[in-house]
Protein chains: 2
Amino acid sequence: MAWVHADALERFGSELLVGKGVRSDVAHHVAAGLVLASLRGVDSHGIRLLPHYVRALQAGRLNPDPMYRFDRTATATGRLDADDTFGLAAGAEGMRHAVEMAGEAGMGAVAVRNSSHFGMAAYFALMAARQDMIGLAFTHADALMLSHNGSRAFFGTNPICFAAPCQDEEPFCLDMATTTVTWNKMLRVGEIEKSVPLGWGVDSEGIDTQDPARVTALYPIGDYKGFGLGMMVEILCSLLTGMPFGRDISRMYADPIESKRHLGHFFMAFQVDRFVDLVEFKSRIRSMMGEVRSEPPRDGEESVQVPGDPEKLNVRERTQTGLPLADVELQSLRDLADESALEFPNVSESPFTHG
Amino acid sequence: MAWVHADALERFGSELLVGKGVRSDVAHHVAAGLVLASLRGVDSHGIRLLPHYVRALQAGRLNPDPMYRFDRTATATGRLDADDTFGLAAGAEGMRHAVEMAGEAGMGAVAVRNSSHFGMAAYFALMAARQDMIGLAFTHADALMLSHNGSRAFFGTNPICFAAPCQDEEPFCLDMATTTVTWNKMLRVGEIEKSVPLGWGVDSEGIDTQDPARVTALYPIGDYKGFGLGMMVEILCSLLTGMPFGRDISRMYADPIESKRHLGHFFMAFQVDRFVDLVEFKSRIRSMMGEVRSEPPRDGEESVQVPGDPEKLNVRERTQTGLPLADVELQSLRDLADESALEFPNVSESPFTHG
């Protein structure tokens with residue numbers, strides 16, 4: 001394990017991409033989005049994805065210099081063709097338009113097409129929340145969610161992300177897959193424990209398995225409810241964008257790396273002060289969060305947390321300690337640096353300072 | 001058990017309310033919404049609530065002749081003060097404005113305040129879908145959801161409802177509580193089985209119980225995820241409306257029936273054809289539903305269903321058979337008829353015709 005400062009890693013990622021011909025605004029969102037995910041402890045969607053993105057760029061899957069075409073179809077709605085660029089940049093451009101329309105119309109919604117893997121949904125919803133708006137971000141993904149009463153996957157882990165501004169504290173942010181666990185969490189726990197809990201996933205026959213190597217589909221949360229939420233996300237991201245759905249969605253790793261993903265996303269922003277006084281809203285959400293945290297915990301638990309609290313804690317801690325990287329992750333990032341004759345940031349074998 | 005035709009029951013409900021001084025547009029939504037819930041098989045939110053609503057009306061909780069104050073704050077946003085009328089009417093008025101704004105701005109969102117219990121969320125989302133829009137409806141409710149890692153409830157069963165239009169078929173409609181089961185389902189299963197499955201609820205100490213009489217809080221779906229979705233709904237319905245939240249929300253039955261509820265709701269409508277061609281959207285959602293239904297079921301299951309399929313089947317069947325009423329429900333509706341000297345619709349001791 002090694003530690004690298006987040007800001008240094010973000011600068012490195014951005015310079016590396018620019019060096020490979022990626023336009024600077026695109027490179028900025030990719031590096032900033034990946035590093036934010038790592039800071040929040042969402043390592044599956046963090047800086048470890050950079051080498052994969054670079055390979056996809058070099059293979060022609062990702063467009064380094066996209067010509068965005070935004071079509072504002074009404075005062076509050078629009079469509080963005082992302083010209084097959086990195087999903088993190090496509091998503092940021094989509095949310096930027098949603099926020100801009102919300103500034104005029106009170107709210108805005110943007111359907112993004114011809115995009116790619118967009119990383120962590122919170123990156124986009126938080127963009128809205130930092131401008132005192134409520135932000136929502138959705139993406140579809142390739143089939144990984146066991147259909148309710150089915151024996152295989154049809155929809156993806158299709159996440160829902162919601163963020164809202166708060167007084168004197170980072171925004172409330174719920175960012176969740178509609179499956180019980182994410183694919184990467186299943187893999188990580190499987191690697192450490194050599195087994196996963198019953199009820200996480202099924203094998204290729206649709207039979208419950210605890211063997212992580214045999215899992216091909218993950219259970220939705222709440223049976224038909226998570227399945228229905230996944231379908232809702234698919235309707236927004238596939239049908240409102242004109243992109244493929246279900247088992248026709250391309251796969252991030254299993255499909256040839258030169259093939260485009262043709263993914264869709266959906267973003268919404270609302271201006272809080274079109275509904276209530278902004279100061280009062282931010283004060284009340286802070287009270288709500290305080291009340292939740294003061295609720296009596298059940299036996300064996302330390303406290304009741306607000307969704308997003310573990311991520312906030314990670315940000316505070318990792319801003320101090322640096323981002324932890326597994327040896328294999330560090331090596332693949334260093335290989336990228338060498339390949340581009342770029343200096344790699346300082347690496348420490350222990351946390352820089354304890355948070 | 002007795003059966004009564006849905007349309008006759010709707011007329012009866014509406015006439016009864018008008019006879020008690022309720023304005024006809026308000027009475028229409030209450031009767032139509034309750035009967036639609038019964039038709040869909042959502043009996044907990046169906047016509048059995050009419051006697052409770054009448055008592056609440058007579059006690060002064062519900063305003064029979066509301067002066068709605070709608071404040072359009074931007075082209076796509078507005079606030080509705082529902083003047084303490086029936087939630088079903090308040091919600092319909094809120095969604096009407098959302099749909100109207102969406103017609104101009106591409107989408108519309110309305111925060112409703114000073115409302116009451118709004119029944120089944122699908123009634124409102126389907127209003128939008130029947131006008132070729134995507135509709136979303138949310139309401140908060142009194143504390144009944146066990147907080148994740150907590151020992152008691154803070155948020156309500158806060159439902160999420162999403163509807164979208166479909167070609168040659170009733171709209172797709174997901175209408176779900178963010179708890180594993182609804183309170184009424186827990187009560188019904190408990191009454192029949194004298195026990196409920198482990199994992200549905202906890203007692204007043206926060207300890208798992210299978211005794212339906214001891215359940216005081218219900219588990220959220222997907223642990224922190226359902227809890228987070230419930231908090232999202234609370235932010236929309238409490239904080240964007242200025243209404244109370246969490247344990248400060250009034251209780252439907254336990255609070256004095258003359259006290260106002262001060263509930264909030266949140267509605268959204270999107271015009272599909274601001275994003276993609278409407279005909280293509282409706283055709284593709286039908287294909288998606290067809291593909292889902294053709295997915296291989298797991299052992300022991302007949303088929304994979306689209307969320308909302310059981311409700312569609314109920315509507316088809318109950319339109320033929322009439323609505324089934326338990327004896328006690330029938331009696332309380334007949335008592336209302338007698339009290340108002342109104343003729344009660346034809347009652348059959350068996351289904352009118354088999355669907």
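The structure presented is a predicted model; accordingly, all values stated were derived computationally and were not measured.

Brief notes about the overall build of chain A
Turning to step 1, where the next piece is worked out: Per the secondary structure count, chain A includes 10 helices and 14 strands.
Turning to step 2, where the next piece is worked out: Referenced to the eigenvectors of the C-alpha coordinate spread, the extents of chain A come out at roughly 55 × 50 × 45 Å.
Turning to step 3, where the next piece is worked out: The 355 residues of chain A split such that 58% are buried.
Turning to step 4, where the next piece is worked out: Sequence separation of at least 24 residues holds for 67% of the intrachain contacts in chain A that already meet a minimum separation of 6.

Here's the deal with the relation of the copies chain A and chain B
Turning to step 1, where the next piece is worked out: Screw-axis analysis of chain A against chain B gives a translation of 0.0 Å along the axis, an RMSD of 0.0 Å, and a rotation angle of 180°. Here the symmetry operator amounts to a two-fold rotation axis.
Turning to step 2, where the next piece is worked out: Interface residue correspondence from chain A to chain B reaches 100%, placing this contact among same-surface, isologous pairings.

Some remarks on the interface of chain A and chain B
Turning to step 1, where the next piece is worked out: Every contact between the two is made by 57 residues of chain A and, on the other side, 57 residues of chain B.
Turning to step 2, where the next piece is worked out: Contributions of two or more residues to the side of chain A that touches chain B are made by β2 (69-74), β3 (77-81), β4 (107-115), β8 (160-164), β9 (172-176), α7 (224-239) and α8 (278-293) of chain A.
Turning to step 3, where the next piece is worked out: Per-element accounting of the side of chain A that touches chain B gives the leading share, nine residues, to α7 of chain A.
Turning to step 4, where the next piece is worked out: In terms of residue class, the side of chain A that touches chain B is made up of 31 nonpolar, 17 polar and nine charged.

Quick notes on the pairing of strand β5 (residues 133-139) of chain B
Residues and elements named next belong to chain B.
Turning to step 1, where the next piece is worked out: For β5, the tally of buried residues reaches seven of seven residues, placing the bulk of the element in the interior.
Turning to step 2, where the next piece is worked out: Pairing of β5 with strand β11 (residues 263-271), which is carried by seven bridges, proceeds in the antiparallel orientation. Residue pairing across strands places L136 opposite M268, the latter belonging to β11.
Turning to step 3, where the next piece is worked out: In terms of strand pairing, β5 meets strand β6 (residues 160-164) through four bridges, oriented antiparallel. Across the sheet, residue A137 finds its bridge partner in β6, namely C161.

Considering the environment of G60 of chain A
Turning to step 1, where the next piece is worked out: Tracing the backbone through its elements, the reader meets G60 of chain A in the loop between α3 (50-59) and β2.
Turning to step 2, where the next piece is worked out: Separated by 24 residues in sequence, G60 of chain A and D84 of chain A place their C-alpha atoms 9.6 Å apart.

Looking at the sheet that holds strand β9 (residues 208-209) of chain B
What holds strands together in a sheet is hydrogen bonding between their backbones, with the strands either parallel or antiparallel.
Residue and element names in this part refer to chain B.
Turning to step 1, where the next piece is worked out: An order of β9-β8-β10 is seen for the three strands of this open sheet, with the pairing classed as antiparallel. Each edge of the open sheet carries a strand with a single partner, namely β9 and β10 (217-218).
Turning to step 2, where the next piece is worked out: Alignment of strand β8 (residues 201-202) against β9, held across two bridges, turns out to be antiparallel. By the bridge assignment, G201 is partnered in β9 with T209.

A few points about the sheet that holds strand β13 (residues 263-271) of chain A
Residue and element names in this part refer to chain A.
Turning to step 1, where the next piece is worked out: Strands sit in the order β2-β3-β4-β13-β5-β8-β9 across an open sheet of seven strands; the sheet is mixed. Sheet topology places β2 and β9 at the edges, where each strand pairs with a single neighbour. For this sheet, the mean inter-axis angle between neighbouring strands, taken without regard to orientation, is 15°.
Turning to step 2, where the next piece is worked out: Pairing of β4 with β13, which is carried by seven bridges, proceeds in the antiparallel orientation. Its bridge partner being in β13, M107 is matched across the sheet by F270.
Turning to step 3, where the next piece is worked out: Packing against the sheet, helix α5 (residues 122-129) makes contact with β5 (133-139), β8, β9 and β13, and its axis sits at approximately 165° to β5.

Comments concerning the nonpolar core
Turning to step 1, where the next piece is worked out: Within the largest apolar cluster, 248 residues are counted, with the highest numbers of intra-cluster contacts made by A125, A163 and A269 of chain A together with A125, A163 and A269 of chain B.
Turning to step 2, where the next piece is worked out: Leaving out residues up to four positions away in the same chain, A269 of chain B has contacts with M95, A98, V99, A102, M107, G108, A128, M133, I134 and G135 of chain B.

Focus on the confidence of the model for chain A
Turning to step 1, where the next piece is worked out: Across chain A, the average pLDDT comes to 96, with 99% of residues at or above 70.
Turning to step 2, where the next piece is worked out: Predicted complex, confidence summary: ipTM 0.97, pTM 0.98.

Notes on the pairing of β6 of chain B
Residue and element names in this part refer to chain B.
Turning to step 1, where the next piece is worked out: Burial of β6 is extensive: five of the five residues sit out of reach of the surface.
Turning to step 2, where the next piece is worked out: The side-chain alternation of β6 yields two buried faces, one formed by I160, F162 and A164 and the other by C161 and A163.
Turning to step 3, where the next piece is worked out: Pairing between β6 and strand β7 (residues 172-176): five bridges, direction antiparallel. Counted as the bridge partner of F162 is L174 from β7.

A look at helix α10 (residues 327-339) of chain B
Residues three or four positions apart in an α-helix share a direction because the helix packs 3.6 residues into each turn.
Residues and elements named next belong to chain B.
Turning to step 1, where the next piece is worked out: Over its 13 residues, α10 runs 18 Å from end to end, which matches the ideal 18 Å to within 8%, given 1.5 Å per residue.
Turning to step 2, where the next piece is worked out: E329, L333 and L336 are the residues of α10 that are buried. Projected onto a plane normal to the axis of α10, the buried residues spread over an arc of 50° and lie on a single side. Every exposed residue of α10 that faces more than 90 degrees away from the buried side is listed here: D327, V328, D338 and E339.
Turning to step 3, where the next piece is worked out: On its buried face, α10 sits against α1 (6-19), α3 (50-59) and β12 (323-325).

Some words on the environment of A109 of chain B
Turning to step 1, where the next piece is worked out: As for its placement among the helices and strands, A109 of chain B is situated in strand β4 (residues 107-115).
Turning to step 2, where the next piece is worked out: Look at A109 of chain B and you get buried, because 33 C-beta atoms sit within 10 Å.
Turning to step 3, where the next piece is worked out: Setting aside anything within four residues of it in sequence, one finds A109 of chain B in contact with M107 and F270 of chain A together with A76, T77, A98, F267 and M268 of chain B.

Section: the packing of α3 of chain A against helix α10 (residues 327-339) of chain A
The relative placement of two packed helices comes down to the angle between their axes together with the axis-to-axis distance.
Residues and elements named next belong to chain A.
Turning to step 1, where the next piece is worked out: One way to put it is that α3 packs onto α10 with a least axis distance of 9 Å and a crossing angle of 45°. Here α10 runs oblique to α3, going by the angle between their axes. Seen from α3, the contacting residues are L50, P51 and V54; seen from α10, they are S332, L333 and L336.
Turning to step 2, where the next piece is worked out: Residue composition of the contact of α3 with α10, grouped by class: five nonpolar, one polar and no charged.

Description of the packing of helix α2 (residues 24-39) of chain A against helix α4 (residues 87-105) of chain A
Residues and elements named next belong to chain A.
Turning to step 1, where the next piece is worked out: It is at 8 Å that the axes of α2 and α4 come closest, and there the two elements cross at 105°. The angle between the axes of α2 and α4 places the two elements in the roughly perpendicular class. For the pair formed by α2 and α4, the contact residues are V26, H29, V30 and G33 on the first element and L88, A89 and A92 on the second.
Turning to step 2, where the next piece is worked out: For the contact of α2 with α4, the class distribution of residues is five nonpolar, two polar and no charged.

Some thoughts on unusual backbone geometry
All names here are of chain A.
Turning to step 1, where the next piece is worked out: The phi torsion at K194 lies on the positive side, around 65°, for a residue other than glycine.
Turning to step 2, where the next piece is worked out: Inspection of the secondary structure puts K194 in the loop between α6 (183-193) and β10 (201-202).
Turning to step 3, where the next piece is worked out: Residue classification places K194 among the exposed positions, given that 11 C-beta atoms sit within 10 Å.

Calculation notes
- Residues numbered from 1 in each chain as written.
- Chains lettered and ligands numbered in written order.
- Predicted model: local features only at pLDDT ≥ 70, side-chain atom pairs only at ≥ 80, totals over all residues.
- Helix = DSSP H or I, 4+ residues; strand = E, 2+ residues; numbered from the N terminus.
- Buried ≥ 20, exposed ≤ 12 C-beta atoms within 10 Å, placed from the backbone.
- Contact = placed C-beta atoms within 7 Å.
- Least-squares fit on C-alpha atoms with pLDDT ≥ 70 in both.
- Nonpolar A, V, L, I, M, F, W, Y, C, P; charged D, E, K, R; others polar.
- Pairing = 2+ DSSP bridges.
- Axes fitted to C-alpha atoms, helices over the stretch in contact; angles between N-to-C directions.
- Core = buried A, V, L, I, M, F, W, Y, C linked by C-beta atoms within 7 Å.
- pLDDT = per-residue confidence, 0-100.
- Expected span 1.5 Å × (residues − 1).
- Arc of directions from axis to C-beta.
- Parallel < 35°, antiparallel > 145°, perpendicular 65-115°, else oblique.

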